[in-house]
Amino acid sequence: MALGVVAAVVGVPAASAAPTASGVQLNGALRVAYPVANADPGQNYGDLYLPRRGLTGPAPLVVLYHGGGWDRSVSLAGLGSMARDLAARGYAVYNVEYRRVGSGGGWPTTLTDVSAAATFATSLGNIFPQVGRSVILVGHSSGGQLAVWAAQHAAVRPAASVAIAAPLALTTAAHSGDANVDALLGGSPAQFPQRYAMADPAAQACPAVPIVAIHGTADRVVPITNARDFRARPRCPSARVSLVEVPGATHLSLIRPGAVGYGQTLATISATVAGVR
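Residues numbered from 1 in each chain as written. Predicted model: local features only at pLDDT ≥ 70, side-chain atom pairs only at ≥ 80, totals over all residues. Heavy atoms only, no water.

**What to know about the pattern of salt bridges**
- With the rule as written, the count across this model stands at 4 salt bridges.
- Residues Arg31 and Asp47 are paired through a salt bridge, measuring 2.8 Å at the closest nitrogen-oxygen approach. On the criterion of sequence distance, the pair formed by Arg31 in strand 2 (residues 29-33) and Asp47 in strand 3 (residues 45-49) is long-range, its members being 16 residues apart.
- By relative accessible area, which is 6% here, Asp47 ends up buried.
- Note that Arg100 and Glu97 form a salt bridge whose closest N and O atoms lie 3.4 Å from each other.
- Owing to a relative accessible area of 6%, Arg100 belongs among the buried residues under this scheme.
- A relative accessible area of 1% places Glu97 in the buried class. (Salt bridge = Lys/Arg side-chain N within 4 Å of Asp/Glu carboxyl O. Helix = DSSP H or I, 4+ residues; strand = E, 2+ residues; numbered from the N terminus. Buried < 20%, exposed > 50% of the residue type's maximum accessible area, 1.4 Å probe, protein only.)

The following block contains the structure:
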C-alpha cells in the first residue's frame, strides 16, 4: 500500500485546518485538539505551552512526541517537564498525544496521527500570535522515530527534527528482538516488508530536512549502535543527518531534568532551532 493511500484511508487533514482550543488549562498548558479522520478526543490533542520569556516576536515552535514503545501505557506526561523547560527558554511547545498500540493505534493510525499533528502545528500561529512559523519536531525513544517519520512525510514539512534515544534503524531494532516494533507494524519484517520500508526512517531517502540524533552511550534500551547505523547511511551528508553522542547517558536520563545528558538535550534542541531559523 503506497503512503498516499495510507494517508487517504485515515484522512490526514489539510494544512489549512484551523486550530481549536478546549480552554482546559493543565500545568500551564492549553489543550488543543488536532484534526484527523475518526479522531479520538481523548488522544488526538496536544498541550500547548506558550513561551514564558518576553520576546520581540513570535517564538519558534517545538513539537514534542513522547516515547513508550508506541504503547498506550505511556502518555505525553513523560515529556511535560521538558515542555515546561523549553517554554521557560523562550520556545512555544506543542506536546502531542496520539493513538497508540492498545488504544486504537498501531499501523497505520499512529503514523498518520503524528503526521497530522505535525502539519496542523504549522497553523497554531493563526490564533496564537506568540507561536512562530519555524517548527521543529522532537521525539524521545519511539517518539523520536515518529518525529523523524513525520518530518519526512507531513504535508507541511518542518524545518528540522531531533530524535532523542530513538530506534531510527527500525528494521534493525525488530531484528534485534524489539517486540514493540512488531506490535506497531502488526508483525515482523518478513511478514510485512512494505510496512517496514515505509515506517523505517533508515529505509527512506536522505531526508529533505536536517535530522539530529542525540543518544547516550549507556543506553541499554535502544543501543547507540542503532543511531550509528542510521547516521552511517551512504550518500547522506553530515549537514543533513548528524549524531550527538553523550557519554554515560542512559535511555531516560536524556529527558529527566538534572540527569546525565539532560542539559545537552536542551542545548541540542536550541542549537537545531538556531541553525534553521
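**So, the environment of Gly90**
- Considering the arrangement of structural elements, one finds Gly90 in the loop between helix 2 (80-88) and strand 5 (92-96).
- Look at Gly90 and you get buried, because its relative accessible area is 6%.
- Spatially, the C-alpha atoms of Gly90 and Pro51 are 4.7 Å apart, while their sequence positions differ by 39 residues.

**Considering the environment of Leu185**
- Among the secondary structure elements, Leu185 is positioned in helix 6 (residues 179-185).
- Each C-alpha atom, one on Leu185 and one on Leu111, is 10.0 Å from the other, the two residues being 74 residues apart in sequence.
- If near-sequence neighbours (up to four positions away) are discounted, Leu185 is found in contact with Trp107, Leu170, Phe192, Arg195, Tyr196 and Ala199. (Contact = heavy atoms within 4.5 Å.)

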